[in-house]
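Notes for the structure review
Spelled out, the chains give:
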Amino acid sequence: MIERAFKLVDALLAALLLGMVVMVFGNVVLRYVFNSGIVVSEELSRFFFVWLTFIGAVVAMRDGSHLGMETVLLMLPRRGRIVCLALSQALILACCVMLFWGAWQQHEVNATTGAPVTGLSMIWIFGIAYVTAVGIGAHAVHKLWRIATGRIRDDELIEVHESEETVPREVRP
């Protein structure tokens, strides 16, 4: 079920990227060839880019493809790695709570403010913070649950990698 949901999310990310490319490239062609353009395409491509970034952060969190520093973790025994992972997941969860709370506090302002060109409610751009906070927060809660119940495997104790070369092949797209 979750795998299917993330396949749909991957398709959404691809559609957002395609939409950005079509709008930006189309506008460039229109400006240079026909000396005109579609005004809303610049704003919508910006919205798509924000959505792509925030939704992509959730996918990257799930795949373990965020970059970080693993040098110290590799020197620690299993118990030390578990403590570090639990602390990092607790900090991530705290950040997600703050992100969600901040979006909630700004919700009314964003919902009643229109975008300059399209007139769309700005909640369509800033509301993506809810999705990101819930998505990453759910991942952190799941990891904390697995740590608390002792179901965490050794290969899950290091979630970040110093470079893309050290990310396992099955994680890379």
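Quantities reported herein were computed from a predicted structural model and do not represent experimental measurements.

In this model helix H6 (residues 128-148) runs 30 Å from its N-terminal to its C-terminal C-alpha over 21 residues, within 8% of the 30 Å that 1.5 Å per residue would give. When we look at burial in H6, the residues that qualify are Ile128, Ala129, Tyr130, Thr132, Ala133, Ile136, Gly137, His139, Ala140, Lys143, Arg146 and Ile147. Of the residues trailing H6, Gly150 is marked for its positive phi of about 75°.

With that settled, consider the state of the cysteines. Taken as a whole and assessed by the stated rule, the structure comprises zero disulfides. Looking at Cys84, it has no disulfide partner, and the nearest cysteine sulfur is the one in Cys95, 16 Å off. The exposure class assigned to Cys84 is partly exposed, which follows from its relative accessible area of 30%. Unpaired in terms of disulfides, Cys96 finds its nearest cysteine sulfur in Cys95, a separation of 7.1 Å.

Enumeration according to the criterion identifies four salt bridges in this entry. When the shortest N-O distance is used, the salt bridge between Arg62 and Glu3 registers 2.2 Å. Placement of the pair is Arg62 in helix H2 (residues 39-63) and Glu3 in helix H1 (residues 2-34), with a sequence separation of 59 residues. By relative accessible area, Arg62 is classed as partly exposed at 28%.

Turning to the environment of His66, a few remarks are in order. Mapped onto the secondary structure, His66 falls in the loop between H2 and helix H3 (71-75). The class for His66 is partly exposed, based on a relative accessible area of 30%. Sequence separation between His66 and Met20 is 46 residues, and the spatial gap between their C-alpha atoms is 23 Å.

A few words now on the nonpolar core. Ranked by internal contacts, the top residues of the largest apolar core, which has 20 residues, are Leu16, Phe47, Phe48, Trp51 and Ile55. Contributing elements (two or more residues each) for this core: H1, H2 and H6. Ranked by residue count, the leading element in this core is H2, at eight residues. Not counting the four nearest positions on each side in its chain, Phe48 is found in contact with Leu16, Gly19, Met20 and Met23.

What counts and what doesn't
Residues numbered from 1 in each chain as written. Predicted model: local features only at pLDDT ≥ 70, side-chain atom pairs only at ≥ 80, totals over all residues. Heavy atoms only, no water. Helix = DSSP H or I, 4+ residues; strand = E, 2+ residues; numbered from the N terminus. Expected span 1.5 Å × (residues − 1). Buried < 20%, exposed > 50% of the residue type's maximum accessible area, 1.4 Å probe, protein only. Disulfide = S-S within 2.5 Å. Salt bridge = Lys/Arg side-chain N within 4 Å of Asp/Glu carboxyl O. Core = buried A, V, L, I, M, F, W, Y, C linked by side-chain atoms within 4.5 Å. Contact = heavy atoms within 4.5 Å.

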